[in-house]
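So you can see what is in the structure, the chains are spelled out below.
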Amino acid sequence: MENINRDGKSIADVSSQMRAEAWENPAAAEAALDMGTETKMRVVYGDCTLGLHGRGFDYIFNYGDKGLESLVKNGREWIYRGPAPTFWRALTDNDRGNGFHLRSGIWLAADKFIRCTGTKVLVDGEDKHQPDPPGNNRYNGTETAGTAEIVYTYATVTVPAATVEVSYRVDSRGQILVRVHYHGQEGLPELPVFGMRFILPALAEGFSYEGLSGETYPDRMAGGEPGIYEVEGLPVTPYLAPQDCGMHMGTKWVRVRPGVGTSNVTKGPLALQSGRGNDGDYLEIRMEDAPFAFSCLPYTALELENATHQEELPPARRTVLCVLGAVRGLGGRDSWGAQPEPPYHIDAAKDIRYGFRIC
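The rules behind the values
Residues numbered from 1 in each chain as written. Predicted model: local features only at pLDDT ≥ 70, side-chain atom pairs only at ≥ 80, totals over all residues. Heavy atoms only, no water. Core = buried A, V, L, I, M, F, W, Y, C linked by side-chain atoms within 4.5 Å. Buried < 20%, exposed > 50% of the residue type's maximum accessible area, 1.4 Å probe, protein only. Contact = heavy atoms within 4.5 Å. Helix = DSSP H or I, 4+ residues; strand = E, 2+ residues; numbered from the N terminus. pLDDT = per-residue confidence, 0-100.

Here we come to the nonpolar core. As a rule of thumb, soluble globular proteins bury nonpolar side chains together. Ranked by internal contacts, the top residues of the largest apolar core, which has 64 residues, are Leu52, Tyr182 and Phe356. Setting aside its immediate chain neighbours within four residues, Tyr182 contacts Trp107, Ala162, Thr163, Val164, Leu188, Leu191, Phe194, Ala348, Lys350, Asp351 and Ile352. Among the nonpolar cores identified, the runner-up in size contains 10 residues, and Val320, Cys322, Leu324 and Val327 belong to it.

What follows deals with unusual backbone geometry. With an omega of 0°, the peptide bond running from Val159 to Pro160 counts as cis. Here Pro160 shows up in the loop between strand S10 (147–156) and strand S11 (163–171). Here the phi dihedral of Asp124 falls at roughly 50°; this positive angle occurs in a residue that is not glycine. Considering the arrangement of structural elements, one finds Asp124 in the loop between strand S7 (114–123) and strand S8 (126–127). Residue Asp124 is classed as partly exposed on the basis of its relative accessible area, which comes to 42%.

Turning our eyes to something else, we now look at the confidence of the model for the protein. Any segment with low pLDDT has predicted coordinates that should not be analysed in fine detail. Confidence in the prediction of the protein, expressed as mean pLDDT, is 87, and 84% of residues score 70 or more. Low confidence marks residues 1–37, where pLDDT is under 50. Its contacts with residues over four positions away, or in another chain, come to 42 contacts.

This is the structure we're talking about:
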């Protein structure tokens, strides 16, 4: 039986109308944030998504495997494809020389295909049991909260499967604390890398970071000088055969600067204001408890892997930012083809945990 209010209207219809009004009238929704406190953000419970909105930020989380599918900060959309766990780096000549791909190639498939097995939504610590229709009709689009956490559980396509948990905890300032946990699984070959991959909508102008100078890997860090560095563009080392490059270890923060015309928000209150694009207009990743590794390239690992020569690389159109908690060493200490030393391998049977903030 349909629920009817005292005015004779369907409660579902009224709820849908209120949600639409909140979406079409941001000023009214903003007023809801001003009722007594500035420590709240607006929460919109959709049929398939959770929306979180505050001053200078608008995020949309998909309840399924798409994860964080929209990240708008100060009018700029920073997500082209939802972030996902990543397990593969493009082979280096040394990897090919020691047959690493023949032992650990299963992680390439895991990098391409992954299954979301569960989603948990916590708003101000209360488990919302993944709101879905018609249950979310009780919300009207003006609900507020101080914090929201969305936890995704993934299963890899490896045999046996491994489990990965990724949680996003959003506060009312718009900061996102991301915590990633790979659950070790016996019987799997060693990993090339482990972390999260973000694909941004267009080519970045460049990036700056605090960490070690130049390109570094776990067994190639001694020459790196700590400091703050700025990189123009998204350089790819022009090896004859494209391979992994651009790794930066021991990073405290990285800021990606948008390229010209990268905003797809042109009208309304979220449109970029004239003159913006300099101070404050960047995507920042900052360590939680320990430094992380990252690469910022115009290609995914699979795009690099698919090209046997530089001219086979596709046109550079996106920015691929990988924020990593574990990276395999390069090896090749005494010959090109030699394995990395034991401390620089990644044992798939051991847990990997790390965290970072999106600011």
